[in-house]
Amino acid sequence: MDWQVRGSYFEACNCDAICPCRSVGAAPGGPSTYGVCYGSLSWRILDGHAEAVDLSGLDVVMSLRYHDDVQPSTPWEVVLYVDERASDQQLDALAGIFLGRWGGTVESLYGRAIGEVHAVRRARITVEHVAPRQRIDVVGYITVASEGPASEVGDVRCGIPGLDHPGTELFGDELVSTDEVLRWEIRGRRNASFATDFDYQSA
């Protein structure tokens, strides 16, 4: 299967900014702030395909939770939200790619960390990946908002989009999931957030 997706990326989690999982100034990352990490990741696909299926212009969001207060860290629990505009073919492709099932860049960067996939849901997704404010809205499930840099531009790297895609740490304003299988709420704590670009491919 030949595929490639590239575009903008934004995530937020419950850790303190700068998230200790990230690499800063080439120093390696470490364990999460509180021993359990939960949050949401978002991708806006500016250009993408899976064989002849066009994936451009679609949005994908993943919520996750894992514990690293035990070793080895627990596998990720995840819910994947796929843009409601996606056809059945597009949904199958996006789930295959972003859950790491189709190998390639995603499998090597984070796919192997995924354990239990609670659900793959169609949803109305709005993402705002524009500095200085970043936002994720998955209607009925997820609200994330961040504003204001917590680092210099390009000084922070994250393994999920790839360490070869430097970005900017931000302060979180809101991190809420009301999904029955992964639920949390943080408001006004200036939690960790991160914005950059991504380029995943099959080979």
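Below: a short report on this structure. (Residues numbered from 1 in each chain as written. Predicted model: local features only at pLDDT ≥ 70, side-chain atom pairs only at ≥ 80, totals over all residues. Heavy atoms only, no water.)

Taken as a whole and judged by the stated rule, the model has zero disulfides. C13 carries a free sulfur, and the closest cysteine sulfur to it, the one in C15, is 4.0 Å from it. In this structure C21 is not part of a disulfide, and its nearest cysteine sulfur, from C19, lies 3.7 Å away. The exposure class assigned to C21 is partly exposed, which follows from its relative accessible area of 30%. (Disulfide = S-S within 2.5 Å. Buried < 20%, exposed > 50% of the residue type's maximum accessible area, 1.4 Å probe, protein only.)

Our next topic: the side chain of E169. Looking at where E169 falls in the secondary structure, it is placed in strand β12 (residues 168–178). Looking at E169, the relative accessible area reads 0%, which means it is buried. Apart from the residues lying within four places of it in its own chain, the contact partners of E169 are A17, I18, C19, R22, G148, P149, A150, S151, V156, A192, S193 and F194. (Helix = DSSP H or I, 4+ residues; strand = E, 2+ residues; numbered from the N terminus. Contact = heavy atoms within 4.5 Å.)

Glancing now at unusual backbone geometry. Of note, the amide linkage connecting A17 to I18 takes the cis form, showing an omega dihedral of -5 degrees. Along the polypeptide, I18 turns up in the loop between β1 (3–16) and β2 (23–24). Between Q71 and the following residue, P72, the backbone shows a cis peptide bond with an omega angle of 0 degrees. Here P72 is to be found in the loop between β5 (59–67) and β6 (76–83). Not every positive phi belongs to a glycine, and E51 is a case in point at roughly 55 degrees. Mapped onto the elements of the fold, E51 is located in the loop between β3 (36–50) and β4 (53–54). The exposure class of E51 is partly exposed, given its relative accessible area of 46%. Despite not being glycine, R190 has its phi angle at roughly 60 degrees, a positive value. Note that R190 resides in the loop between β13 (183–187) and β14 (191–201). Given the relative accessible area of 49%, R190 is considered partly exposed.

A few words now on the pairing of β14. Across the 11 residues of β14, eight count as buried, placing the element largely inside the fold. Two strands pair when backbone bridges link them, and β1 and β14 are joined in this way by 10 bridges, in the antiparallel orientation. For A12, the partnering residue across the bridge sits in β14 and is S193. Judged from the four bridges that link them, β12 and β14 form a sheet pairing that is antiparallel. From the neighbouring strand, T168 faces β14, where its bridge partner is A195. (Pairing = 2+ DSSP bridges.)

Turning next to the packing of aromatic side chains. Each aromatic ring pair is specified by the distance between its two centres and by the angle formed by the two planes. Per the counting criterion, the structure on display carries 11 aromatic pairs. Here the aromatic rings of Y9 and W43 are separated by 5.7 Å at their centres, their planes lie at 55 degrees, and the arrangement is tilted. Here the residue Y9 occupies a position in strand β1, and W43 occupies one in strand β3, the gap between them amounting to 34 residues. W43 carries the same exposure label as Y9, and that label is buried. Their ring planes at 20 degrees and their centres at 6.1 Å tell us that W43 and Y110 sit as a pair that is stacked. Placement of the pair is W43 in strand β3 and Y110 in the loop between α2 (104–109) and β7 (114–123), with a sequence separation of 67 residues. Through successive ring pairs, a cluster of aromatic residues spans Y9, W43, Y66, W76, F98, Y110, F198 and Y200. The lysine or arginine in question, R190, covers the ring of F171, its NZ or CZ lying 3.8 Å from the ring centre. (Phe/Tyr/Trp six-rings, centres within 6.5 Å; stacked < 30°, edge-to-face > 60°. Lys NZ or Arg CZ within 6 Å of the ring centre and 35° of its normal.)

Distances and angles like these do not, on their own, reveal function.
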